[in-house]
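Structural overview for review
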Amino acid sequence: MRFPHWLAAGLFAFTLTPPVAAEQLLQSHALLPCSNDGIISVNHFDIVFTPSNNSALVSFDGQADYAGNVYIDIALYAYGYKAATKIVNPCALNVDALCPLRRDTALKITNVPLNLDGVDLSIIPGIAYTIPDLDAVVRLNIINSDTGKKVTCVEARVNNGVTVDQAGVAWSMAVLIGVGLLTAVVLSILGRVNLAAHVAFRTLLFLGFMQIQAIWGLTAIKQRPLVQSWTQIWQWTMGLVGARALQTIATWFQRSTGGTPSKVLTQLNEFSLIMQKRSLVARATDMTPNGGEVEVHGIERAGVRINIEPSNIFMTSYLFFYFVTILFLLVVLFLKLVLPRLKRTVWTEKSERAVTNTSDWKDFMRGNLYRMAALGYPQLCCLGLWELVHRDSAAEVVLAICMWLTMTAVLCWAMFKVFQRARLSRTLRQDPAYTLYSDPVCLTRWGFLYVNYRARTFWFMVPLFFYTLVKGATIAFGQSSPLAQAIVLLIVEAGFLVATATIRPYMSKTANILAIIATAINFLNAIFFLFFTEVFSVPMLVGGVMEVVFFVLNAIFMVVLLVYFLLIFYNVITLKEPSVKYTSREEGRSSTTVLTDDRRITELEPLEKNLVVGDDHTVSNDNGWQRTSSPSTSNDDIAPAPRPSSRPSSHPTVPSVSTSGSDTSVPRGFEHPKSEERIV
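The following paragraphs examine the structure supplied in this document. This is a predicted model, so every value here is computed, not measured. (Residues numbered from 1 in each chain as written. Predicted model: local features only at pLDDT ≥ 70, side-chain atom pairs only at ≥ 80, totals over all residues. Heavy atoms only, no water.)

This next bit is on the overall build of the protein. Counting its regular elements, the protein contains 17 helices and 16 strands. Across the 680 residues that make up the protein, the buried fraction comes to 51%. Look at the contacts in the protein between residues 6 or more apart in sequence, and 74% of them connect residues 24 or more apart. With the model as given, the accessible surface of the protein reaches about 31500 Å², and the carbon-plus-sulfur share is 61%. (Helix = DSSP H or I, 4+ residues; strand = E, 2+ residues; numbered from the N terminus. Buried < 20%, exposed > 50% of the residue type's maximum accessible area, 1.4 Å probe, protein only. Contact = heavy atoms within 4.5 Å. Areas by Shrake-Rupley, 256 points an atom, 1.4 Å probe, with all protein chains shown as cover.)

So, in structure tokens, the structure goes:
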């Protein structure tokens with residue numbers, strides 16, 4: 001029975017639904033100046049308001065450079081909309097330091113409970129306690145009571161503790177991606193190459209969109225709370241996992257190599273942590289012993305939200321990548337040991353031939369290593385290149401350089417080999433798909449680079465590689481320039497959208513539609529982030545609307561990709577081949593075949609090269625094997641022999657066997673005596 005679309009969407013939506021808080025509250029952990037007068041300086045600020053007992057718990061450590069009687073004009077902004085205003089007399093709060101305000105007096109309040117029975121709190125709507133990632137700002141304008149002039153301005157971002165950033169969602173998606181990758185490996189071993197290619201494509205499409213969402217969260221651009229939390233869910237795809245063991249190893253390695261670990265997370269009781277100010281003024285590691293609020297942005301912000309010290313971000317990603325790679329290869333080795341045992345019990349004849357054909361485990365393991373390098377390349381481009389700027393220790397910089405150079409060289413070498421095989425195939429058969437899909441060695445080692453594309457657009461892997469490289473470098477080197485980063489990302493996304501929509505390189509119509517939609521959404525995201533830089537000085541309400549649209553648009557498409565990903569498992573369970581073929585037959589991809597016995601397919605190459613058409617409608621070769629065409633068959637029905645190559649080929653090739661009368665890649669009527677199985 002087919003898995004219902006609505007059920008998959010409902011399950012995903014249920015995982016995104018935040019749990020109901022046990023107690024309603026509003027809280028803020030940073031007080032930011034919204035004027036440049038410097039009258040109030042803040043080292044630490046924390047306030048938690050609970051409506052159940054109409055009280056608030058306040059901690060404040062700062063200093064005021066003003067004296068006089070003041071009152072506070074409070075304005076509440078929700079998603080950029082000015083929801084309510086209120087005037088409060090500080091003397092009603094029973095805080096001596098505020099009534100009146102004294103110059104050069106240290107204002108230090110430590111966990112002081114404030115009774116708000118006399119304060120009208122009806123301006124706070126009930127939905128403010130339940131909506132996830134509330135985007136609310138309370139602005140406090142301090143005004144002189146005698147003159148009515150504005151003294152200074154401070155503001156605090158308020159949240160209610162409810163968020164869409166749920167660890168359960170991240171773990172669920174990680175498990176699904178792991179199951180998809182392993183399923184593709186098992187199916188390829190069992191000989192279901194076509195089905196394995198479809199499972200791999202849908203898995204990589206789903207994982208790729210997650211990685212792009214995570215990359216948006218690593219930008220240095222000021223982000224709204226809902227945008228931060230949504231992109232934070234997918235940071236595990238960048239290797240950012242807050243495991244304590246990884247943090248311990250990363251800290252030990254940094255200290256042992258001469259680095260100085262940061263202490264942002266261990267001093268939250270003394271310093272206020274600001275996820276991002278309006279202007280970028282400091283790094284998280286630039287904490288002075290005299291105090292002051294600590295600001296993090298971009299990559300550091302994403303790490304701190306997962307309880308990763310800024311100095312441990314690169315090593316955490318580095319160690320996570322190696323852990324996943326080793327675990328994946330161990331599972332593959334386990335399959336190597338288990339499958340031969342199953343062969344003697346439940347193996348069918350067809351599966352036995354498939355296992356024999358894929359028994360070259362050296363090529364198989366190399367192919368999986370190449371695949372893991374491709375999967376980890378986006379995170380290495382972002383965090384590995386960022387380490388060259390952050391410089392946690394000299395050893396970590398060397399690791400980042402070596403790892404990036406190695407993986408870049410590996411992927412470039414793989415693409416070079418694919419182009420080399422395609423060029424050879426075009427010389428022999430005038431079709432690049434011939435060798436790429438008939439040579440099991442090429443398909444096993446480097447097939448992951450091009451099997452997702454149409455036969456004649458296999459080269460689209462190169463634009464995708466440069467897209468990943470340029471985007472990662474922009475994230476890594478643009479942490480100090482949010483506006484420049486936003487502009488470059490907009491240009492990159494626009495170019496990739498035009499290329500994808502124009503070329504339509506993927507293997508089916510559905511795949512091209514989803515790829516174009518994904519690139520279009522990324523282009524819209526780039527526009528949103530350009531507006532988040534506040535370069536256009538638009539009203540705050542515009543940013544609030546864009547924040548909600550960003551979340552809804554990306555969440556809906558994520559659900560669509562999830563359903564598209566899950567539906568392929570119906571074919572996996574029933575072992576039913578997908579009905580949609582990669583490409584049309586005229587491109588020569590769907591008619592490419594592979595031998596299923598132990599002999600190397602290069603033994604058919606002389607037969608292919610020496611085919612000669614005689615005047616008596618007889619096709620023969622040098623070995624004397626011939627076939628006489630029927631009287632009704634004209635010379636036009638017999639394909640001319642391919643021109644022999646000027647240089648010998650060391651790559652295995654095999655003539656295509658057509659299953660359709662419209663395909664004349666070889667003379668009709670020729671078949672290899674052994675049974676053959678089509679790849680796609």
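Moving on, we get to the environment of A250. Mapped onto the elements, A250 comes out in helix α5 (residues 244-256). Assessed through its relative accessible area of 0%, A250 is described here as buried. The spacing of A250 and E309 is 59 residues in sequence and 9.7 Å in space, taken between C-alpha atoms. Among all residues touching A250, those that are not within four sequence positions of it are N312, M315, L319 and E396.

For the coordinates displayed, the defined rule picks out 3 cavities of 30 Å³ or more. Counted as a void, the largest cavity has a volume near 880 Å³. Considering the residues around the largest cavity, the lining is formed by 36 residues, among which L204, G208, Y453, L464 and T468 are closest to the centre. Within the residue set of the lining of the largest cavity, elements represented by two or more residues are α3 (193-217), α9 (361-390), α10 (394-429), α13 (461-477), α14 (482-503) and α15 (509-532). Ranked by the residues each element gives to the lining of the largest cavity, the list is headed by α3, at 9 residues. Class assignment of the residues belonging to the lining of the largest cavity gives a composition of 26 nonpolar, 8 polar and 2 charged. Taken as a whole, the second largest cavity spans an internal volume of roughly 80 Å³. Lining the second largest cavity, in full, are F314, S317, Y318, F321, G376, Q379, L380, L383, G384, M403 and M407. (1 Å grid on protein atoms, 1.4 Å probe; cavity = no way out; pocket = protein on both sides within 12 Å on 5 of 7 lines; lining within 4 Å. Points joined across faces, edges and corners; volume = space filled by probe spheres on them. Nonpolar A, V, L, I, M, F, W, Y, C, P; charged D, E, K, R; others polar.)

So, about the state of the cysteines. Where two cysteines share a covalent bond between their sulfur atoms, that bond is called a disulfide. On inspection of all chains with the given rule, the structure shows 1 disulfide. Two residues share a disulfide in this structure: C34 and C153, whose sulfurs sit 1.8 Å from each other. The chirality of the disulfide connecting C34 with C153 is left-handed, given an S-S dihedral of about -90°. With a gap of 119 residues between them, C34 in the loop between β2 (31-33) and β3 (40-50) and C153 in strand β9 (residues 150-158) connect regions that are remote in the sequence. In this structure C153 comes out as buried when scored by relative accessible area, which is 2%. (Disulfide = S-S within 2.5 Å.)

Another point: the side chain of R139. Within the secondary structure, R139 is located in strand β8 (residues 136-144). A distance of 3.0 Å separates polar atoms of two side chains, one belonging to R139 and the other to E155. (Polar contact = N/O pair within 3.5 Å; in protein donor to acceptor, adjacent residues only side chain to side chain.)

Below, the discussion takes up the pattern of salt bridges. The tally for this structure, following the rule as stated, stands at 6 salt bridges. The network of salt bridges with common partners includes D135, R157 and R224. (Salt bridge = Lys/Arg side-chain N within 4 Å of Asp/Glu carboxyl O.)

Next up on the list: the sheet that holds strand β5 (residues 70-78). Strand order in the open sheet formed by 5 strands is β2-β9-β8-β5-β6, with antiparallel pairing between adjacent strands. Across the chains shown, the open sheet's two edge strands, defined by having one partner strand only, are β2 and β6 (81-88). The mean inter-strand angle of the sheet, taken between neighbouring strand axes irrespective of direction, is 25°. (Pairing = 2+ DSSP bridges. Axes fitted to C-alpha atoms, helices over the stretch in contact; angles between N-to-C directions.)

Further remarks concern the packing of aromatic side chains. In this description, an aromatic ring pair is defined by two values, namely the gap between the centres and the angle between the planes. Following the criterion strictly, the structure yields 24 aromatic pairs and no others. These aromatic residues form a ring-pair network of at least three members: F201, Y453, W459, F460, Y467, F496 and Y506. Directly above the ring of Y564 sits R202, whose terminal nitrogen or CZ lies 3.9 Å from the centroid. For K471, the ring lying beneath its charged end belongs to W216, and the centroid distance is 4.8 Å. (Phe/Tyr/Trp six-rings, centres within 6.5 Å; stacked < 30°, edge-to-face > 60°. Lys NZ or Arg CZ within 6 Å of the ring centre and 35° of its normal.)

The subject of this paragraph is the side chain of T474. One can find T474 in helix α13. Using a relative accessible area of 11% as the deciding quantity, one classes T474 as buried. Excluding anything up to four places from it in sequence, T474 contacts Q485, V488 and L489.

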